[in-house]
Amino acid sequence: MTQPLRKPVTGIPAEHHTLHRPLMARRADLALTATLEPEPQIPKLSLSDVSLSYATNSSGHLVALKNINLQVQSGEFLCIVGPSGCGKSTLLHLIAGLQQQTSGEVLVDNAPVQGPGTDRILIFQELGLFPWLTVAQNVEFGMRMKGVPKPERDAKIRDYLRLVHLQQFKDSYIHQLSGGMRQRVALARALATEPDVLLMDEPFAALDAQTRDLLHDELERIWAETRRTIVFVTHNVREAVRLGDRVLLMTFRPGQVKREYQIDLPRPRHLEDVHVAGSAREILDDLREEINKSLAEEYGLEASA
Ligand code: ADP
């Protein structure tokens, strides 16, 4: 019987995930056996002992993230859940290069992040679409900034609008579209710049349930077709299990990795699947503890188990 959800050891440091062996030992093996061993894969993203503190008004500081160790493989779909204020957005901003950690290391393809780059793109709930541009022009925008030549831009506008099923709306303005369609424009715009990594910050939180279901299907299909690496932040545990290869649960402040869950359920999945619901329930039990801590701190309530 397949185990739908595996729960590894709590708070595993990043180095425990790596499968590296000393180079010398590998060479010796090769010489002796002449068998080709796959090279250990360099993770797409790697965070080692990453902490970040914000200065507060009272000349103190708030530790938003503490000793985060995390690796994301190329093509992986990682979901991050945690109570509000646990540092999920901050973590995405670090990977996007929009903020800098106080200590530790953030690597993309083994190189330190030194600011934003076209290899990573952040999509958030507010979308940041331009109301004075048409759908096609919005999709074109990032490519223009990147200096992509016009014929190539036109071809990609066609391809990516087809991918999100919005070809017929290419000349519409943003106010003429539904919330779900706007999300798909934002997705097409992000994909058109062909980033390796999509960072998604609660992108579907404001949508109605039916639209969100459809977008889950679309995103899963697009991810399967394009094999991008996705880091998806949500407060909705079921959504995380529906979409993720792995779900990372963070603690309330300071944000740390509390636990990781490998989600081995077959795809395509659905929010209403009994296994999705069962796995989500398990994660929710762990999350509830952190939510109680956050309520206790923010509302001065007694934390309950
Ligand atoms: P989440 O996305 O999990 O809700 P955030 O990453 O937005 O959490 O924030 C983590 C913590 O850092 C919160 O307590 C928040 O109030 C604080 N914070 C976020 N941005 C700033 C900032 N620019 N200055 C000071 N504190 C901040």
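Residues numbered from 1 in each chain as written. Predicted model: local features only at pLDDT ≥ 70, side-chain atom pairs only at ≥ 80, totals over all residues.

### Points about the site of the ligand
Lining the immediate environment of the ligand, one finds Y54, L62, A64, G82, S84, G85, C86, G87, K88, S89, T90 and R253. At 3 residues, the largest contribution of residues to the shell around the ligand is made by helix α2 (residues 88-96). Its residues placed into classes, the shell around the ligand shows 4 nonpolar, 6 polar and 2 charged. (Near = placed C-beta within 6 Å. Helix = DSSP H or I, 4+ residues; strand = E, 2+ residues; numbered from the N terminus. Nonpolar A, V, L, I, M, F, W, Y, C, P; charged D, E, K, R; others polar.)

### Focus on helix α5 (residues 179-192)
In an α-helix, one turn spans 3.6 residues, which is why side chains three or four residues apart end up on the same side. Compared with the 20 Å implied by 1.5 Å per residue over 14 residues, the 20 Å span of α5 between its first and last C-alpha is a close match. Burial analysis of α5 places 10 of its 14 residues in the buried class, which makes it a mostly covered element. For α5, the secondary structure elements touched by its buried residues are β7 (120-124), α3 (135-145), α4 (150-163), β8 (197-201) and α6 (209-226). Of the residues one or two after α5, E194 is the one with positive phi, at around 50°. (Expected span 1.5 Å × (residues − 1). Buried ≥ 20, exposed ≤ 12 C-beta atoms within 10 Å, placed from the backbone. Contact = placed C-beta atoms within 7 Å.)

### Structural notes on the environment of S46
Position of S46 relative to the elements: it lies in strand β2 (residues 45-55). Here S46 falls in the buried class, since 21 other C-beta atoms lie within 10 Å of it. Taking the C-alpha atoms as reference points, S46 and V108, 62 residues apart in sequence, are found 6.5 Å from one another.

### Topic: the pairing of strand β3 (residues 61-72)
Examined bridge by bridge, β2 and β3 share 8 bridges and lie antiparallel to one another. Residue pairing for β3: L47 is matched across the bridge by L70. Where β2 folds back on β3, the antiparallel hairpin that results is connected by 5 residues, among which S59 adopts a positive phi of roughly 50°. (Pairing = 2+ DSSP bridges.)

### Structural notes on helix α8 (residues 274-299)
In α8, a bend of some 30° at D286 exceeds every other bend along the element. Looking at α8, one finds that the buried residues are V276, S279, A280, I283, L287 and E290. G300 occupies a position one or two residues after α8 and carries a positive phi of about 65°. (Bend = angle between axes of the 7 residues up to and from the residue.)

### Some remarks on the packing of α5 against α6
At a minimum axis distance of 10 Å, the contact between α5 and α6 shows a crossing angle of 15°. On the basis of their axis angle, the class for α5 and α6 is roughly parallel. Every pair of crossing elements has a handedness; the one defined by α5 and α6 is right-handed. Residues G179, G180, Q183, R184 and L191 of α5 lie in contact with α6, whose contacting residues are T211, L214, L215, E218 and T226. When its residues are assigned to classes, the contact of α5 with α6 shows 3 nonpolar, 5 polar and 2 charged. (Axes fitted to C-alpha atoms, helices over the stretch in contact; angles between N-to-C directions. Parallel < 35°, antiparallel > 145°, perpendicular 65-115°, else oblique. Left-handed = near helix turned anticlockwise from the far one by under 90°.)

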